[in-house]
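Secondary and tertiary structure notes
For reference, the chains in residue letters:
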Amino acid sequence: MTVHFIGAGPGDPDLITVRGRDLIARCPVCLYAGSLVPKAVVAYAPEGARVIDTASLNLDQIVAEMEAAHAAGLDVARVHSGDPSIYGATAEQFAALEARGIPFEITPGVPAFAAAAARLKVELTVPDVAQTVVLSRLSGRASAMPPAETLEAVAASRGTLALHLAAKQLPRIVAELTPLYGADCPVAVVARATWPDEVIVRGALGDIVERAAPFGVERTALVMVGPALAGCGATTSALYAADHVRHLKPGER
């Protein structure tokens, strides 16, 4: 018996991995975060499967379901939004399973920041513009940020920032990042990327609060900041340059 932590991707059911879909299709127990994972994803579960929305359950109740499945010898699909390694409250579940001797595996998924970049049609690491992507968030009701991880500190590289669940604090983001990036730095607020009700607002630090206000975006959204969001412009990499020396011959790996 194994508990399979599966990244469901950002929202569109087509963006779950083939492995994740196939695991759901063969697990007789499926636990999913219904507030963030669409029902179309868990619809892959086999007929007669025990499918439970864990949105209203606490950690002990979720682990109890896994323990019951373990006792019965039933595999579990534990389906999380995006990728299980980022802001999924998965570490506490891993620890609980390890303490109980219950085996688990992890299947990665498409993270929200990657889906947002795809919808914005941008590369987050543009040569000579930004070569660093910082994934972070701001303090919220669920948990505070570690003291050293202030917004100023995580933005020190001047790279591309992907701030999760931060749209409600957009005025604060603008106030703290404008001295670092400048008022003309591109910003995008991407809410529910790839969902049918997706919202994308683009602007700059100097006007994004005003642009985003009519949409009332507060919760499931990414705030992305950085010069790379403006696109490539005149900058190109050496990778595909005509004079770039390629060490591999065609067909080699």
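This section reports on the structure supplied with the text. Everything numeric here is computed off the predicted structure, so don't read it as measured data.

Quick notes on the side chain of R78
Topologically, R78 is positioned in strand β4 (residues 76–80). Buried charged residue R78 carries no salt bridge. Nearest counter-charge: D53, at 7.3 Å. Non-local contacts of R78, meaning those with residues more than four positions away in its chain, are made with V3, H4, F5, I6, L31, Y32, A33, T54, I62, M66 and Q93.

Some words on the sheet that holds strand β1 (residues 3–7)
Strand order in the open sheet made by the five strands is β3-β2-β4-β1-β5, with parallel pairing throughout. The open sheet has two free edges, formed respectively by β3 (50–53) and β5 (104–107), since each of these has just one partner strand. The average angle at which neighbouring strand axes cross in this sheet is 15 degrees, direction not considered. In this sheet, β3 lies alongside strand β2 (residues 29–32) in parallel orientation, the contact comprising four bridges. Among the inter-strand pairings, V29 is bridged to a residue of β3, identified as R50. Those strands touched by helix α1 (residues 18–26) are β1, β4 and β5, and its axis lies near 140 degrees from that of β1.

Side note on the nonpolar core
Soluble globular proteins tend to pack their nonpolar side chains together in the buried interior. Counting residues in each nonpolar core, the largest one holds 27 residues, and the members touching the most others are L177, Y181, V189, V223 and V225. Mapped onto this core, the elements with two or more residues apiece are α6 (151–154), β7 (160–164), α7 (170–181), β8 (186–191), α8 (208–212) and β10 (221–225). Here this core takes six residues from α7, the largest share from any one element. With residues up to four places along the chain from it excluded, the contact list for L177 reads L151, A155, L161, G182, L205 and V225.

Thoughts on the packing of helix α3 (residues 59–72) against helix α4 (residues 91–100)
Where α3 meets α4, the axes come as close as 11 Å, and the angle between the chain directions of the two elements is 45 degrees. Considering their axes alone, α3 and α4 lie oblique with respect to each other. Note on packing geometry: the crossing formed by α3 with α4 is right-handed. On the side of α3, the interface is formed by L59, I62, V63, M66 and E67, while α4 contributes E92, Q93, A96, L97 and R100. Grouping the amino acids of the contact of α3 with α4 by side-chain chemistry returns six nonpolar, one polar and three charged.

Regarding the sheet that holds strand β6 (residues 133–137)
The mixed open sheet is built from five strands, whose spatial order is β6-β7-β10-β8-β9. Looking at strand neighbours, the two that pair on one side only are β6 and β9 (199–204), the edges of this open sheet. Taken pair by pair, the neighbouring strands of this sheet meet at an average axis angle of 15 degrees, ignoring direction. Inspection of the sheet shows β7 paired to β10 by four bridges, in the antiparallel sense. Counterpart to L163 in the pairing with β10 is V223. Contacting β6, β7, β8, β9 and β10, helix α5 (residues 112–120) crosses the sheet at an angle of about 65 degrees to β10. Packed onto the sheet, α7 meets β7, β8 and β10 and runs at close to 15 degrees relative to β10.

Notes on the side chain of T2
Checked against the element boundaries, T2 lands in the segment before β1. With residues near it in sequence (within four places) discarded, T2 still touches D75, V76, P103, F104 and E105.

Some words on the environment of G226
Looking at the secondary structure, you find G226 in the segment after β10. For G226, the residues in contact, after removing those within four places along its chain, are G159, Y181, C185 and P186.

So, unusual backbone geometry
Positive phi, close to 50 degrees, is recorded for Y87, a residue that is not glycine. In this structure, A89 takes a positive phi of about 50 degrees despite not being glycine. Relative to the assigned elements, A89 resides in the loop between β4 and α4.

Parameters at a glance
- Residues numbered from 1 in each chain as written.
- Predicted model: local features only at pLDDT ≥ 70, side-chain atom pairs only at ≥ 80, totals over all residues.
- Heavy atoms only, no water.
- Helix = DSSP H or I, 4+ residues; strand = E, 2+ residues; numbered from the N terminus.
- Buried < 20%, exposed > 50% of the residue type's maximum accessible area, 1.4 Å probe, protein only.
- Lys, Arg positive; Asp, Glu negative; His and termini not counted.
- Salt bridge = Lys/Arg side-chain N within 4 Å of Asp/Glu carboxyl O.
- Contact = heavy atoms within 4.5 Å.
- Pairing = 2+ DSSP bridges.
- Axes fitted to C-alpha atoms, helices over the stretch in contact; angles between N-to-C directions.
- Core = buried A, V, L, I, M, F, W, Y, C linked by side-chain atoms within 4.5 Å.
- Parallel < 35°, antiparallel > 145°, perpendicular 65-115°, else oblique.
- Left-handed = near helix turned anticlockwise from the far one by under 90°.
- Nonpolar A, V, L, I, M, F, W, Y, C, P; charged D, E, K, R; others polar.

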